[in-house]
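Listed below are the residues making up each chain.
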Amino acid sequence: MFSEQRPAMENAYQTLQASHGNEPSFAGLVRAGLKHLADRARDFDVCVDCDSAQSKHFFSELASLKGDSGTAADPADCWLCLLEDLALFFRERFLRHPEEQVPETEQMVMDYFESSGEWHPEDAKLVSHAYWVGLPEKWREEYRRRGSRLPAA
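This one's a predicted model, so the numbers in the text were calculated from it and none came from an experiment.

Hey, could you go over the environment of A27 for me, with residue numbers and the actual values?
Considering the arrangement of structural elements, one finds A27 in helix α2 (residues 27-39). A sequence separation of 52 residues divides A27 from W79, and the C-alpha atoms of the two residues are 6.8 Å apart.

I'd like a description of the packing of helix α1 (residues 6-18) against helix α4 (residues 53-66), backed by residues and values.
One can describe the packing of α1 onto α4 by two numbers: an axis separation of 9 Å at closest approach and a directional angle of 55°. Looking at the two axes, α1 sits oblique to α4. At the point where α1 passes α4, the crossing takes the left-handed sense. Between α1 and α4, the residues in contact are A8, M9, N11, A12, T15 and L16 and F58, L62, L65 and K66, respectively. Residue classes in the contact of α1 with α4 are distributed as seven nonpolar, two polar and one charged.

Outline the packing of aromatic side chains, listing residues and values.
All chains considered together, the criterion is met by twelve aromatic pairs. Centre to centre, the rings of F113 and W119 are 4.4 Å apart; their planes meet at 15°, and the pair counts as stacked. With centroids separated by 5.0 Å and ring planes inclined at 75°, the aromatic side chains of Y131 and W132 adopt a geometry described as edge-to-face. Residue classification places W132 among the partly exposed residues on the basis of a relative accessible area of 21%. Joined through ring pairs, the aromatic side chains of F2, F44, F58, F59, F89 and F90 make up one cluster. A cation over a ring is seen here: R91 above Y131, with NZ or CZ 4.9 Å from the ring centre.

Describe in detail the nonpolar core, supporting the description with residues and values.
In this structure, F2, V30, L34, L37, F58, L62 and L82 are the most contacted members of the largest nonpolar core, which totals 43 residues. Those elements giving two or more residues to this core turn out to be α1, α2, α3 (41-47), α4, α5 (79-96), α6 (104-115) and α7 (126-146). With ten residues, α5 is the single largest residue contributor to this core.

The rules we used
- Residues numbered from 1 in each chain as written.
- Predicted model: local features only at pLDDT ≥ 70, side-chain atom pairs only at ≥ 80, totals over all residues.
- Heavy atoms only, no water.
- Helix = DSSP H or I, 4+ residues; strand = E, 2+ residues; numbered from the N terminus.
- Axes fitted to C-alpha atoms, helices over the stretch in contact; angles between N-to-C directions.
- Parallel < 35°, antiparallel > 145°, perpendicular 65-115°, else oblique.
- Left-handed = near helix turned anticlockwise from the far one by under 90°.
- Contact = heavy atoms within 4.5 Å.
- Nonpolar A, V, L, I, M, F, W, Y, C, P; charged D, E, K, R; others polar.
- Phe/Tyr/Trp six-rings, centres within 6.5 Å; stacked < 30°, edge-to-face > 60°.
- Buried < 20%, exposed > 50% of the residue type's maximum accessible area, 1.4 Å probe, protein only.
- Lys NZ or Arg CZ within 6 Å of the ring centre and 35° of its normal.
- Core = buried A, V, L, I, M, F, W, Y, C linked by side-chain atoms within 4.5 Å.

And the structure:
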């Protein structure tokens, strides 16, 4: 699915690249994350559940930036959602392949998510719960089902 959405990710990157105005401090991370995700779309096809709520949300955000859902969204409305989705995708890839070195762009997005103060493991945000609890539980269960040893991470 990510491979199929590569043109939409590239379009979103270009739209956000051309965006002017009041950009959040993490705008560069979102742009870099989108470019990275587009460049490595095939890797994410096998690492991330494309039927998950986060994937559907992400693809909807991409469509809104392109204007596929009627009128094009204001990029200012998309930054935070895109950052959260990217953090979840990168976290899921890391949890699925903890033995691999995390690419710098993915690490920077996850570091920002974990240290910015916007999200906390104990807050009531769905994205926080997914990042710190839901995804790790999903992959622990996956390892148990396959009879694999849990990774150290």
